[in-house]
Amino acid sequence: MTHVHDIGNEPPEQIHLIEDDKGAFTGAIVLHSTALGPAAGGCRLWHYPDREALTVDAIRLARGMSYKNALAGLPFGGGKAVLQHADGLDRAVLLARFAAAVERLGGSYVTAEDVGTTMRDMTTVSRGTRHVAGLQAVDGMAGGDPSPWTALGVLEAMRVAVRTRLGRELADVTVAVQGAGNVGRHLCRLLAAEDARLIVADADERRAQAIAAETGARVFPAAAIAEADAEVFAPCALGAVLDRVSIPRLRAAVVTGAANNQLATDQDGALLHARDILYAPDYVANAGGIINVAAEYLGETAGEVEGRVRAIATRMQAIFERAEHERLPTNIVADRMARQVIADAAGQKLSHLVQAA
Ligand code: NAI
């Protein structure tokens, strides 16, 4: 659980509470930063014990989106909406209320699906506001399922990490993929096309077996996949898989995956660094999905998405070089670079305002 002090000294620009027609609290929209553009980030529907827990989580998630969008090179700031999942929830009413709240913000917040919401929910939301992405794709245009783009970004990040840490190509390494879901499956296919050796595990073993049959991967017990004998560990299932217990047991020299919040705490980045395991910061590696969502909102083509997703490799390279130069864990370097991009944009905005005054 996140507490108020976890927000640190980086308060969000705006917090908007959402209420039902009787004035009861049903959620919050947080605009962490709009320095780079409208605050973009999905809408989560989840059960929270109280209003404070929900709002603090929304603030933390919105800040994460600011960093992610900044390092994805997107003209968007960071935001997040979180809605309370209550017993007897009337989904349509809640989503209509939410859409009205997004519309009132006039485009300074752009929403999309997230944990607990679906593409169908976003279609419902789109009846009340234009400021929504994550809808069905139109041929040749950006949009639709983000998972293949997320997998492509992870692949490119992994290629750079393997070259940096091992001086090898993907064809010369074994990758242990944790989770054969939407992203994990696509990643396995891309890695198989690169001739990488594959080990795959899923809590639902049938999923692992299905992708193994397609790609020639070896199926591994889900409980032990982080300890598999592989040069690369690719977490594509849950968050917080890298902690004080799992890190000492890792056999991989590189960690690159799609899962959000792979590090249980920031200090776990230092533990990986101390073991000389090269960690590709999760929010940089997995930005393909948000790049696709952002491009959909901006009316761009699938070709433009591909260019932006492949550019994840360049950013990852810059993070690894700076981490090496400054002898710092990569997660710390990524956060600093993201804050710098945001600060530079805020500075430019301010100087335009001063010149116009
Ligand atoms: P998914 O729900 O389709 O797949 C997750 C898979 O992990 C499922 O097959 C599940 O059975 C498996 N799993 C759960 N617990 C496991 C365990 N302990 N060991 C092994 N396997 C386990 O989710 P999806 O969309 O593939 O996303 C994977 C991760 O990537 C999530 O953390 C998600 O937040 C993150 N992500 C996904 C993006 C996307 O475009 N779908 C974008 C950015 C991040």
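In case you missed it, the structure is sitting above this.
A brief structural summary. As the structure is a computational prediction, the values presented were derived from the model and not from experiment.

## Concerning the packing of helix 1 (residues 51-71) against helix 12 (residues 330-356)
For step 1, the next point in the chain: At their nearest, the axes of helix 1 and helix 12 sit 9 Å apart, and the two run at 80 degrees to each other. Considered as vectors, helix 1 and helix 12 are oriented roughly perpendicular to each other. Across from Ser66, Tyr67, Ala70 and Leu71 in helix 1, the residues of helix 12 making contact are Ala334, Asp335, Met337, Ala338, Arg339, Val341 and Ile342.
For step 2, the next point in the chain: Here the residues of the contact of helix 1 with helix 12 sort into eight nonpolar, one polar and two charged.

## A word on the packing of aromatic side chains
For step 1, the next point in the chain: On inspection of all chains with the given rule, the structure shows two aromatic pairs.
For step 2, the next point in the chain: With centroids separated by 6.3 Å and ring planes inclined at 50 degrees, the aromatic side chains of Tyr67 and Tyr283 adopt a geometry described as tilted. Here Tyr67, found in helix 1, pairs with Tyr283, found in helix 8 (residues 282-285); they are 216 residues apart in sequence, far enough to count as distant.

## Thoughts on a nonpolar patch on the surface
For step 1, the next point in the chain: Judged by side-chain polarity, Leu350, Leu353 and Val354 come together as a nonpolar surface patch covering roughly 320 Å² of accessible area.
For step 2, the next point in the chain: By secondary structure assignment, the location of Leu350 is in helix 12.
For step 3, the next point in the chain: We classify Leu350 as exposed; its relative accessible area is 53%.

## A word on helix 9 (residues 288-298)
For step 1, the next point in the chain: Counting buried positions over the 11 residues of helix 9 gives nine, a clear majority of the element.
For step 2, the next point in the chain: When we look at burial in helix 9, the residues that qualify are Gly288, Gly289, Ile290, Ile291, Asn292, Val293, Ala294, Ala295 and Glu296.
For step 3, the next point in the chain: The first or second residue beyond helix 9 is Gly299, which carries a positive phi of 70 degrees.

What counts, and where the lines are drawn
- Residues numbered from 1 in each chain as written.
- Predicted model: local features only at pLDDT ≥ 70, side-chain atom pairs only at ≥ 80, totals over all residues.
- Heavy atoms only, no water.
- Axes fitted to C-alpha atoms, helices over the stretch in contact; angles between N-to-C directions.
- Helix = DSSP H or I, 4+ residues; strand = E, 2+ residues; numbered from the N terminus.
- Parallel < 35°, antiparallel > 145°, perpendicular 65-115°, else oblique.
- Contact = heavy atoms within 4.5 Å.
- Nonpolar A, V, L, I, M, F, W, Y, C, P; charged D, E, K, R; others polar.
- Phe/Tyr/Trp six-rings, centres within 6.5 Å; stacked < 30°, edge-to-face > 60°.
- Patch = residues over 30% accessible without salt bridge, like charges linked within 9 Å, V, L, I, M, F, W, Y side chains within 5 Å.
- Areas by Shrake-Rupley, 256 points an atom, 1.4 Å probe, with all protein chains shown as cover.
- Salt bridge = Lys/Arg side-chain N within 4 Å of Asp/Glu carboxyl O.
- Buried < 20%, exposed > 50% of the residue type's maximum accessible area, 1.4 Å probe, protein only.

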